Amino acid sequence: MTLLTICLMALITFTTRYLFIHPRLPVRLGAKMAKFLSYSAPAVLTAIWVPIIFVQQGQLNVSWQNPYLIAASLSVLAAAKTKSIYFTMFVGLVSFVLSRYLLAL
Amino acid sequence: MALSKQKARWLMAQKGFLDMLPLNLAVLPWGILCGSLAIQRDFSVLEAILMPLIVFAGSVQLVSIELIANQTSLLTVLFTSFIISSRHFLYGLALRDKLKKLPSKWRYGIGFLLTDELFALSGHRKACVGQLRLIYALVAGGSFYIFWLLWNIVGVVAGSYLPDLTHLGLDFAIAVTFIALVIPSIINLPVLVTVLCAGVLSVLFKLLQFELDLVAAALIAMYGGYLTDRWLQRRADKNGNVVDKNKTKQGIS
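Please read these numbers as outputs of a predicted model, since none were measured by experiment. (Residues numbered from 1 in each chain as written. Chains lettered and ligands numbered in written order. Predicted model: local features only at pLDDT ≥ 70, side-chain atom pairs only at ≥ 80, totals over all residues. Heavy atoms only, no water.)

**Q** Whenever I open this one, the nonpolar core confuses me. Can you help?
**A** Note that soluble globular proteins tend to have their nonpolar side chains buried in a common cluster. Judged by nonpolar contacts, the single largest core of 107 residues is most densely connected at Met9(A), Trp49(A), Ile53(A), Phe43(B), Met51(B), Val55(B) and Phe172(B). Two domains each put at least three residues into this core: domain 1 (5–185) and domain 2 (187–253) of chain B. Look past the residues within four positions of Ile53(A) in its chain and what remains in contact with it is Asn61(A), Asn66(A), Tyr68(A), Leu69(A), Ala72(A), Phe172(B) and Ala175(B). (Core = buried A, V, L, I, M, F, W, Y, C linked by side-chain atoms within 4.5 Å. Buried < 20%, exposed > 50% of the residue type's maximum accessible area, 1.4 Å probe, protein only. Domains from an automatic or database assignment. Contact = heavy atoms within 4.5 Å.)

**Q** Sorry if this is basic, but what is going on with the interface of chain A and chain B here?
**A** You'll often see interface size given as the accessible area lost when the parts meet. At the interface, 65 residues of chain A touch 83 residues of chain B. When chain A packs against chain B, the two sides together hide about 6700 Å² of surface, and 79% of this comes from carbon and sulfur. When residues of chain A are sorted by the area they lose upon contact with chain B, Arg17(A), Ile21(A) and Tyr39(A) head the list and together hold 12% of the total. We note a salt bridge from Lys35(A) to Asp229(B), for which the minimum N-O separation is 3.9 Å. Across the chain A-chain B interface, the total number found is twelve residue pairs in polar contact (both at pLDDT 80 or more). Among the secondary structure elements, those contributing two or more residues to the side of chain A that touches chain B are helix 1 (2–18), helix 2 (31–37), helix 3 (40–54), strand 2 (59–60), helix 4 (67–82) and helix 5 (85–104) of chain A. Across the side of chain A that touches chain B, the residue classes tally to 46 nonpolar, 14 polar and five charged. (Buried area = accessible area lost by both parts, 1.4 Å probe. Salt bridge = Lys/Arg side-chain N within 4 Å of Asp/Glu carboxyl O. Polar contact = N/O pair within 3.5 Å; in protein donor to acceptor, adjacent residues only side chain to side chain. Helix = DSSP H or I, 4+ residues; strand = E, 2+ residues; numbered from the N terminus. Nonpolar A, V, L, I, M, F, W, Y, C, P; charged D, E, K, R; others polar.)

**Q** So what exactly am I meant to see when it comes to the environment of Gln40(B) here?
**A** Residues and elements named next belong to chain B. With respect to the helices and strands, Gln40 occurs in helix 2 (residues 28–40). Sequence separation between Gln40 and Ala69 is 29 residues; the distance between their C-alpha atoms is 9.6 Å. If near-sequence neighbours (up to four positions away) are discounted, Gln40 is found in contact with Gly159, Leu162, Pro163 and Asp164. A distance of 3.1 Å separates a polar atom in the side chain of Gln40 from the backbone oxygen of Leu162. In terms of polar contacts, Gln40 uses its side chain to reach the backbone carbonyl oxygen of Pro163, at 3.4 Å.

**Q** Would you explain the packing of helix 4 (residues 58–69) of chain B against helix 5 (residues 74–85) of chain B in this entry?
**A** Between two packed helices, both the angle of their axes relative to each other and the distance between the axes serve to describe the pair. Residue and element names in this part refer to chain B. Where helix 4 contacts helix 5, the axes come no closer than 10 Å and their chain directions differ by 160°. Taken as axis vectors, helix 4 and helix 5 run roughly antiparallel relative to one another. The two elements helix 4 and helix 5 cross, and the hand of that crossing is right-handed. Note on element contacts: helix 5 touches helix 4 through Val77, Thr80, Ser81, Ile84 and Ser85, opposite Ser59, Val60, Val63, Ser64, Leu67 and Ile68. Counted by class, the contact of helix 4 with helix 5 contains six nonpolar, five polar and no charged residues. (Axes fitted to C-alpha atoms, helices over the stretch in contact; angles between N-to-C directions. Parallel < 35°, antiparallel > 145°, perpendicular 65-115°, else oblique. Left-handed = near helix turned anticlockwise from the far one by under 90°.)

**Q** Sorry if this is basic, but what is going on with the pattern of salt bridges here?
**A** Pairing between side chains of opposite charge can happen when their charged atoms approach one another. All names here are of chain B. All chains considered together, the criterion is met by seven salt bridges over all chains. Of the charged contacts in the structure, one is a salt bridge between Lys15 and Asp19, with a shortest N-O distance of 3.2 Å. With Lys15 and Asp19 both in helix 1 (residues 5–26) and four residues apart, this pair spans about one turn of that helix. Relative accessible area serves as the criterion here: at 27%, Asp19 is assigned to the partly exposed category. The salt bridge partner of Asp97 is Lys100, with a shortest N-O separation of 3.6 Å.

**Q** Looking at this model, I keep getting lost on the state of the cysteines. Mind explaining?
**A** Disulfide: a covalent bond formed between the sulfur atoms of two cysteine residues. Tallied over the entire structure, the rule returns zero disulfides over all chains. In this model Cys7(A) remains outside any disulfide bridge; the closest cysteine sulfur is found in Cys34(B), 18 Å from its own. By relative accessible area, which is 41% here, Cys7(A) ends up partly exposed. (Disulfide = S-S within 2.5 Å.)

Rendered as structure tokens:
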């Protein structure tokens, strides 16, 4: 049963990725639509990461006791300043581990 | 000196691998979490490995493992997977004009590999155009697939020895990766508006437990970016006309 479920899930994830690049799908994109879609990467990626920082167990957490918020703030600064993906990840992970550890003391 | 074709292909493959490498490493905790969770929730090894092998989607895997373990109905599992995965429609649409012309072999390949991560590296105006950029996309996306599979297998193997990892804050690794990708991409006002809208709305919709929270927030944010761009364009057109008139005057005098 689980095997069948997994196969059907695979079909779903593939379909959501593939459907709109199928050539025979009758969809034509105008210049306006293309412009609109050009904002999809920052929009979707942001809509994924921001709730991870601010929402925990369904509750809003905007206090400075929130290790996610501390580490994310430093990561945003690091990314804006250096534009380096490795440096940003390093700053983020170190500050996350440290602030979790220190806040738990 | 012109590069030989083979050398150019090799360089592009290398670049694809190196550009994806930080993301491949960043999903290590997430992949181990997915693999070990499947084992801890009594999935067989085959089932646990089929997840990254054919479903190949972190958040769908994580959520569906819990749902299946809790004996949720098949329809609910599939519907939830569809909702979580529906953001990929946007990626396909955004790359449609470039990818629809490809031979089917490439199209199926890139389509299968079109994750958040590969899409994040496909922002270039000419992404996936021409053989070299296709090689780049295939190696970047393909390496992500292999690493994802590898981290999941590590989780499956170590699964019964690991404690429950779901409350360790491993999702922060995903967040910091996306911060590192998004923040440097804010190069103009429309993108800034998009990011701010997406951030505020996604939190709001999540708190309201709106099922399509992610996609709804993204769509409204994209529209915000689009409107900002149009507004800037109109303003520039007005100013541009004034400048043109001045130029003509100067030209005459």
